[in-house]
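Structural characterization, general
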Amino acid sequence: MSKLRVAVLGAKGRIGSEAVRAVEAAEDMELVAALGRGDKLETLTETGAQVAVELTTPDSVMANLEFCVGHGIHAVVGTTGWTDERLARLNGWLSAAPETGVLIAPNFSIGAVLNMKFAQIAAPYFESVEVIELHHPKKVDAPSGTATRTAQLIASARAEAGAAPAPDATETALDGARGADVDGIPVHSVRLRGLLAHQEVLLGGEGETLTIRHDSLHHSSFMPGILLGARRVVSTPGLTFGLEHFLDLN
Ligand SMILES: NC(=O)C1=CN([C@@H]2O[C@H](COP(=O)(O)OP(=O)(O)OC[C@H]3O[C@@H](n4cnc5c(N)ncnc54)[C@H](OP(=O)(O)O)[C@@H]3O)[C@@H](O)[C@H]2O)C=CC1
Ligand SMILES: O=C(O)C1=N[C@H](C(=O)O)C[C@H](O)C1
């Protein structure tokens, strides 16, 4: 059986360098390109890449995806910074390339995907819900893509169930004291040396609390999800948002 031809974009970065090693170690894959900033995207077509694993930065991801989709190269994307406007642009490119697949995964680790799923299930049953994400201090953005997605999923689960908005402070002495507001859910970001990627969803009701916590302790936690994404995206045209769709969790 021929091997899946995979390229990594952002190959010198924290997660990209780990992805290079994971693809090289996968028996059913061949690493055909490992690109850093400034490297030519044409390498992807020259090397016959079938899947590009995109692990760069929010300022680079759109140009990379425009090239990939425009050349029929499937993409597995971990890079953050997704807005409705960016998703609409990506969907526009995909509509002109109906056989091409793109997976955007806010988080590739199974524990983080389950953290989001469990939070979604629990959210309607508690009066109060808040998200705390904790990351290494070199992380480029805040809040994390995972926390933003978690809050969106929580908010839609609560809206569907007809849950009332959580009670909140009527006054704050300092801006930011209640975190960022993502669809009505407070999201708090901690940046701390020694950490990698962590998230707590705190839920509170009458006389009880529930805490759903996940810890990524090493970038290896993201690798099975990236490899699964690469294997599945080639037969999944269009945009898939969230690894849970490839884990059949929905
Ligand atoms: N979905 C998930 O599970 C995960 C997602 N992430 C996300 O992945 C992204 C990268 O994170 P991280 O590895 O920590 O960041 P790093 O800054 O360590 O890595 C990003 C790398 O991409 C390079 N780069 C920038 N632009 C381009 C380009 N146009 N082509 C090729 N390479 C480029 C950077 O080069 P230079 O240094 O020269 O700018 C850098 O080497 C972030 O958005 C992060 O949030 C991270 C972990 C897990
Ligand atoms: O930058 C990181 O490190 C991570 N980024 C992703 C995010 O923003 O959610 C995934 C994970 O949290 C690690």
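Residues numbered from 1 in each chain as written. Chains lettered and ligands numbered in written order. Predicted model: local features only at pLDDT ≥ 70, side-chain atom pairs only at ≥ 80, totals over all residues. Heavy atoms only, no water.

1. Here's the deal with the site of ligand 1
For the record, the criterion: Only heavy atoms are used to decide nearness, and a residue is near a molecule or strand if one of them lies within 4 Å of it. For this analysis, a polar contact is any N or O atom pair within 3.5 Å, provided that within protein one partner can donate a hydrogen and the other can accept it, and provided that sequence-adjacent residues contribute only side-chain to side-chain pairs. Surface accessibility follows the Shrake-Rupley procedure with a 1.4 Å probe radius. Residue values consider only the protein chains on display as shielding. Method remark: on a 1 Å grid restricted to protein atoms, a set of points is classed as a cavity if a 1.4 Å probe fits but cannot get out and as a pocket if it is open with protein on both sides within 12 Å along at least five of seven lines; lining residues have an atom within 4 Å of a point. More than half of a molecule's atoms within 2 Å of the grid points is what it takes for that molecule to sit in a cavity or pocket. Gly is placed with the polar residues, together with every amino acid not listed as nonpolar (Ala, Val, Leu, Ile, Met, Phe, Trp, Tyr, Cys and Pro) or charged (Asp, Glu, Lys and Arg).
Within the structure, ligand 1 sits among 22 residues, and Arg-37, Ser-60, Thr-80, Ala-105 and Phe-108 are positioned closest to it. Here an oxygen atom of ligand 1 sits 3.4 Å away from a polar atom, N or O, in the main chain of Gly-13. Measuring from a nitrogen atom of ligand 1, one finds a backbone N or O atom of Ala-105 at 2.9 Å. When isolated, ligand 1 has an accessible area of 930 Å², and the protein chains bury 79% of it. A molecule is said to occupy a pocket when more than half its atoms come within 2 Å of that pocket's grid points, and by this definition ligand 1 occupies the largest pocket. Here the residues of the shell around ligand 1 are counted per class, giving 7 nonpolar, 11 polar and 4 charged.

2. Concerning the pairing of strand E1 (residues 4-9)
Rules: Each residue gets one of three labels from its accessible area relative to the maximum for its type: buried under 20%, exposed over 50%, partly exposed in between, using a 1.4 Å probe on protein chains only. Helix and strand definitions follow DSSP, with helices as H or I runs of at least four residues and strands as E runs of at least two, each counted in order from the N terminus. Think of it this way: DSSP has to see at least two bridges between two strands before they count as a pair. When the strands point away from the viewer and the connection leading from the first strand across the helix to the second strand turns clockwise, the crossover is called right-handed.
A large share of E1 lies buried, amounting to 5 of its 6 residues. By the bridge criterion, 6 bridges tie E1 to strand E2 (residues 29-35) in an arrangement that is parallel. Bridged to Leu-4 within E2 is Met-29. Following the backbone out of E1, through helix H1 (residues 14-25) and into the adjacent parallel E2, one traces a crossover that is right-handed.

3. What to know about the sheet that holds E2
The line we're drawing: With axes taken as lines fitted to C-alpha atoms, and helix axes fitted only over the stretch in contact, angles between N-to-C directions fall between 0 and 180 degrees. Residues count as neighbours in contact if any of their non-hydrogen atoms are within 4.5 Å of one another.
Overall, parallel pairing links the 6 strands, which are arranged E2-E1-E3-E4-E5-E11 in an open sheet. Edge positions in the sheet fall to E2 and strand E11 (238-241), since each of these pairs with one other strand and no more. Averaged over neighbouring strand pairs, the angle between their axes works out to 20° when direction is ignored. Along the sheet, helix H3 (residues 61-70) makes contact with E1, strand E3 (51-54), strand E4 (74-77) and strand E5 (101-104), crossing E3 at roughly 175°. Contacting E1, E2, E3, E4 and E5, helix H7 (residues 223-233) runs over the sheet at an angle of about 155° to E4.

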